[in-house]
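In case you want the letters, here they are:
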Amino acid sequence: MVQKYQSPVRVYKHPFELIMAAYERRFPTCPLIPMFVDSDTVNEFKSEDGAIHVIERRCKLDIDAPRLLKKIAGVDYVYFIQKNSLNSRERTLHIEARNETFSNRVIINEHCCYSVHPENEDWTCFEQSASLDIKSFFGFESTVEKIAMKQYTSNIKKGKEIIEYYLRQLEEEGVTFVPRWTPAALAPSSEMPSSCKKPAAPSAVVVPDPALKEGLSSEPLSTPSGVPEPAAGTPDDKLDADYIKRYLGDLTPLQESCLIRLRQWLQETHKGKIPKDEHILRFLRARDFNIDKARETLCQSLTWRKQHQVDYILDTWQPPQVLQDYYAGGWHHHDKDGRPLYVLRLGQMDTKGLVRALGEEALLRYVLSINEEGLRRCEENTKVFGRPISSWTCLVDLEGLNMRHLWRPGVKALLRIIEVVEANYPETLGRLLILRAPRVFPVLWTLVSPFIDDNTRRKFLIYAGNDYQGPGGLLDYIDKEIIPDFLSGECMCEVPEGGLVPKSLYRTAEELENEDLKLWTETIYQSASVFKGAPHEILVQIVDASSVITWDFDVCKGDIVFNIYHSKRSPQPPKKDSLGAHSITSPGGNNVQLIDRIWQLGRDYSMVESPLICKEGESVQGSHVTRWPGFYILQWKFHSMPACAATSLPRMDDVLASLQVSSHKCKVMYYTEVIGSEDFRGSMTSLESSHSGFSQLSAATTSSSQSHSSSMVSR
């Protein structure tokens, strides 16, 4: 398995030429990097005008590895080849490093780039990426990988410190400015110390690379080419190291790399709209920075958010008055760490009454709105307190909790809410303070705890009776001035007191069912399941030729083939696939087949579009200008990977490949519309103006002049 590393953009608030002067002092050896023993120049080239300087070195490294491993390998030192290409005209330095020792067993590649900051020509940006691929190493592959990664990350941390060390050294010697290169011939500057190749006044200081020193190990790489634009690093494009520290917190080099790589993957896959960095980081933390696992759960969550329009819930959904009056919870200042504080008086809440009056869906949606508000408050507190705040604290008062709260439908609703929140809001709960837990609490905890993630459970602090008032209690986490009055504090808490919901507000089961459907179908999209041998098909009847059929669908699970057919006669009434055969238990598992098995392609119906293979996670938009009236059938069919398919899965396949191996079920979420040809260009829902769930339309557009259609895939 190839290990990769990609750094954030690190900014030096010094001119490029001065940074080069400091960087050059790292050669032929650097006492600040003990493993970097020595280096010899094996090749050197300078252009006639002095603007280009390429130097290749053979570097000797003393790897901190077990003595036994070195003995087995038969080496005391390992050698790397490092090539530095300085372009003084463009003010860039590109560094490429590769291992010479054991190159037939281990492949290490590294690329670094120094360049001018895109917004301030007196600042310098630095980026690096690397990859490690251990083919074989005497049975010690895992050990070698761990050693390499450990040493690489430790040296990455030193990289900026070393440059700053030599900058201070130059300042002590009176060197605070190095002139830029100019076409005119300039005499060498004698004021530079011998360690700095006495570059011509132009900034001839060039060469070394931190990469190499840091180079042995491995880590991510996103794309080794960070050429002239590596510095186009604004927070909207690339992540700046200072930005990460200020808004996301202290991350290790590997954690930074995981964030950057997942973020970059999302940018490539869902162009134009990606989750906020804090949101991506939460999913990584929840999966211990395992990129594949984080990517899988994040993609599923993004599809869920789109389907239920969660991004707009705070602006478009107004909680029913019953919730505003009887839901005993609300936001209340912040804790000592600056986290938003949410207070829930669960013991005073009539859970049965709320479920009977509103149903599970309304309660779930309300909890989602609370979580969305929590995310918003975290962003605000990050700005107010000047440090990263990515989670909130929840204070739950259980006084009054009794067997009434263990009403089965209520517990069921609670478990469902926990499941949804755990899947879509990971690492948002910083601390949970449970106060005045009664005797019945262990029963509730036994029912609920299996559904709570281990990491989340470790954040729970439970106090019985008045224990929260003693040492290690509430005062350790919340300032005295904001402890709610109902907990013997001094602060008036505006959280509703709850109470029994009047039975006159209860709804019948039928009313609640209709309300549930209304709540969760406030989306123009429909969901369908696609099985091997059982495609999902929808019928579009066209009366006027030259009408435009438009579609927008997401492939939520599996790979599918999308087809469009035309028939002059109407298919038989839709027949749904057997629910039992595929264990479909909800409307989300809809599967309809229209094309009769006795129909023959070319005789009873014809294909009007070339089949389009769509991968899991893709968002597809397209349109078809009809040439004839009649019946058009849009079909989503299960796609089987060829037996000889490449082993290297691209993009989205990497995310959920494991799910595809064991399942013959796919899922799509789609929306279609028929538009008159004269209205097509100006329609708000036309292909040209619509947005695909995660993003703006991809530039990858294919069109067929024969069928007058186009499709777009956001990969």
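Residue numbers run consecutively from 1 along every chain, following the written order of its sequence. Local features in this predicted model are restricted to residues whose pLDDT is 70 or higher, and side-chain atom pairs enter the listing and the counts only when it is 80 or higher, whereas totals over whole chains, interfaces and linings include all residues. With hydrogens and water stripped out, all remaining heavy atoms of the structure feed into the side-chain values.

*Asks:* Would you take a moment to explain the overall build of the protein chain for this structure?
*Replies:* In this description a helix means any DSSP run of H or I spanning at least four residues, a strand means any run of E spanning at least two, and both kinds are numbered starting from the N terminus. Check the secondary structure of the protein chain and you find 18 helices and 26 strands. Each residue's exposure class comes from its accessible area (1.4 Å probe, protein chains only) as a fraction of the maximum for that residue type: buried when under 20%, exposed when over 50%, partly exposed otherwise. Burial statistics for the protein chain: of 715 residues in total, 53% are counted as buried. Only the protein chains shown count as cover for residues, and the accessible areas themselves come from Shrake-Rupley with a 1.4 Å probe. About 33800 Å² of surface is accessible on the protein chain, with carbon and sulfur atoms providing 51% of the total.

*Asks:* Quick question: what am I supposed to make of the pattern of salt bridges here?
*Replies:* Side chains bearing opposite charge may pair, as long as their charged atoms lie close to each other. One speaks of a salt bridge when a side-chain nitrogen belonging to Lys or Arg is within 4 Å of a carboxyl oxygen belonging to Asp or Glu. Inspection of every chain in the model, using the stated rule, returns 27 salt bridges. D133 is paired through a salt bridge with K135; the nearest N and O atoms lie 2.7 Å apart. Ionic pairing is found between E373 and R377, a salt bridge with its closest N-O pair at 3.0 Å. With E373 and R377 both in helix 12 (residues 360-385) and four residues apart, this pair spans about one turn of that helix. Here the residues in one salt-bridge network are D335, D337, R339 and R431, joined through shared partners.

*Asks:* Which parts of the structure should I look at to understand the packing of aromatic side chains?
*Replies:* Aromatic ring pairs are reported here in terms of the distance separating the ring centres and the angle at which the planes meet. Paired rings are identified among Phe, Tyr and Trp, the last through its six-membered ring, by centres lying within 6.5 Å, and are further divided according to the angle between planes into stacked (under 30 degrees), edge-to-face (over 60) and tilted (the rest). If you walk through the whole model with that rule in mind, you get 22 aromatic pairs. Here F553 and F562 contribute two aromatic rings whose centre-to-centre distance is 5.0 Å and whose plane-to-plane angle is 45°, an arrangement assigned as tilted. Three or more aromatic residues joined by ring pairs form one cluster here, namely Y12, Y23, F27, F36, Y114 and F126. Charge over a ring is defined by NZ of Lys or CZ of Arg lying within 6 Å of the ring centre and within 35 degrees of the ring normal. Taking NZ or CZ as reference, R57 lies 3.9 Å from the ring centre of F27, over its face.

*Asks:* What is the right way to read the pairing of strand 7 (residues 106-116) from this model?
*Replies:* On any regular strand, side chains alternate: one points to one face of the sheet, the next to the other face. For strand 7, the tally of buried residues reaches nine of 11 residues, placing the bulk of the element in the interior. Only when DSSP finds a minimum of two bridges between them are two strands counted as paired. As judged from the seven bridges shared by strand 6 (residues 92-99) and strand 7, these two strands associate in the antiparallel manner. Bridging across to strand 7, R98 finds its partner in N109. The hairpin turn running from strand 6 into strand 7, its antiparallel successor, is six residues long, and F102 in that turn takes a positive phi close to 55°.

*Asks:* Sorry, what's going on with the sheet that holds strand 11 (residues 392-397) here?
*Replies:* By definition, the strands of a sheet pair up through backbone hydrogen bonds, in either a parallel or an antiparallel sense. Strand order in the open sheet made by the five strands is 9-10-11-12-13, with mixed pairing throughout. Two strands bound the open sheet, and with one partner strand each, they are strand 9 (329-334) and strand 13 (460-464). Sheet twist, expressed as the mean angle between neighbouring strand axes with direction ignored, is 20°. As judged from the four bridges shared by strand 10 (residues 340-344) and strand 11, these two strands associate in the parallel manner. Paired with V343 across the bridge in strand 11 is L395. The contact definition used throughout considers only heavy atoms, calling two residues in contact when any of these lie within 4.5 Å. Interaxial angle, 0 to 180 degrees, is taken between N-to-C directions of lines fitted to C-alpha atoms, where a helix line uses only the stretch in contact. Sitting on the sheet, helix 12 is in contact with strand 9, strand 10 and strand 11, with an inclination near 10° to strand 9.

*Asks:* Is there a simple way to think about unusual backbone geometry in this case?
*Replies:* Excluding glycine, a negative phi dihedral is what most residues carry, and trans is how most peptide bonds are arranged. Residues F27 and P28 are joined by a peptide bond in cis, for which omega reads 5°. Locating P28 in the fold gives a position in the loop between helix 1 (16-24) and strand 3 (36-46). Positive phi values are uncommon outside glycine, yet R91 reaches one of about 60°. In this structure R91 comes out as buried when scored by relative accessible area, which is 9%. Even without being glycine, H333 reaches a positive phi, approximately 55°. Here H333 lies in strand 9. Looking at H333, the relative accessible area reads 46%, which means it is partly exposed.

*Asks:* So what exactly am I meant to see when it comes to the environment of W331 here?
*Replies:* Relative to the helices and strands, W331 is located in strand 9. Separated by 46 residues in sequence, W331 and R377 have C-alpha atoms that sit 9.6 Å apart. Setting aside its immediate chain neighbours within four residues, W331 contacts P340, L341, Y342, I370, E373, G374, R377 and W392.

*Asks:* So what exactly am I meant to see when it comes to a nonpolar patch on the surface here?
*Replies:* Candidate patch residues must exceed 30% relative accessible area and have no salt bridge, after which like charges are joined if within 9 Å and Val, Leu, Ile, Met, Phe, Trp or Tyr side chains if within 5 Å. On the surface, L68, I72 and F138 cluster together into a nonpolar patch covering about 270 Å² of accessible area. The topology assignment puts F138 in the loop between strand 8 (124-134) and helix 3 (141-172). Under the relative-accessibility criterion, F138 is labelled partly exposed at 35%.

*Asks:* How should I be thinking about the pairing of strand 4 (residues 52-61) in this particular structure?
*Replies:* Here nine bridges tie strand 3 to strand 4, and the two strands are oriented antiparallel to one another. By the bridge assignment for strand 4, D38 is matched with K60. If you look at the hairpin formed by strand 3 and strand 4, you'll find five residues sitting between the two strands, and G50 has a positive phi there, around 80°. Here strand 4 pairs with strand 5 (residues 78-87) via 10 bridges, running antiparallel. Across the sheet, K60 pairs through a bridge with Y79, a residue of strand 5.

*Asks:* Help me understand helix 8 (residues 291-307) in this model?
*Replies:* Since the α-helix packs 3.6 residues into each turn, any two residues three or four apart lie on the same face. By this rule the span expected of a helix is its residue count minus one, scaled by 1.5 Å. Here helix 8 spans 24 Å end to end across 17 residues, near enough to the 24 Å set by a 1.5 Å rise per residue. Of all 17 residues that make up helix 8, 13 are buried, and the element is covered over most of its length. Two residues or fewer past helix 8, Q309 is found with a positive phi of approximately 55°.

*Asks:* Help me understand the packing of helix 7 (residues 277-286) against helix 8 in this model?
*Replies:* Any two packed helices are characterised by the angle at which their axes cross and by the distance between the axes. Here helix 7 crosses helix 8 at 125°, and the two axes come no closer than 8 Å. By the angle class used here, helix 7 and helix 8 are oblique. For the element pair helix 7 and helix 8, the recorded crossing hand is right-handed. Between helix 7 and helix 8, the contacting residues are H279, I280, F283 and L284 on the first element and I291, A294, T297, L298 and S301 on the second. A per-class count over the contact of helix 7 with helix 8 returns six nonpolar, three polar and no charged. Roughly parallel covers angles under 35 degrees, roughly antiparallel covers those over 145, roughly perpendicular covers 65 to 115, and oblique covers all other angles. Each crossing is labelled by how the near helix is turned from the far one, with a counterclockwise turn of less than a right angle marking it left-handed and a clockwise turn marking it right-handed. For this classification, the nonpolar set comprises Ala, Val, Leu, Ile, Met, Phe, Trp, Tyr, Cys and Pro, the charged set comprises Asp, Glu, Lys and Arg, and every other residue, Gly included, is treated as polar.

Geometric descriptors of this kind do not, in isolation, establish any biological role.
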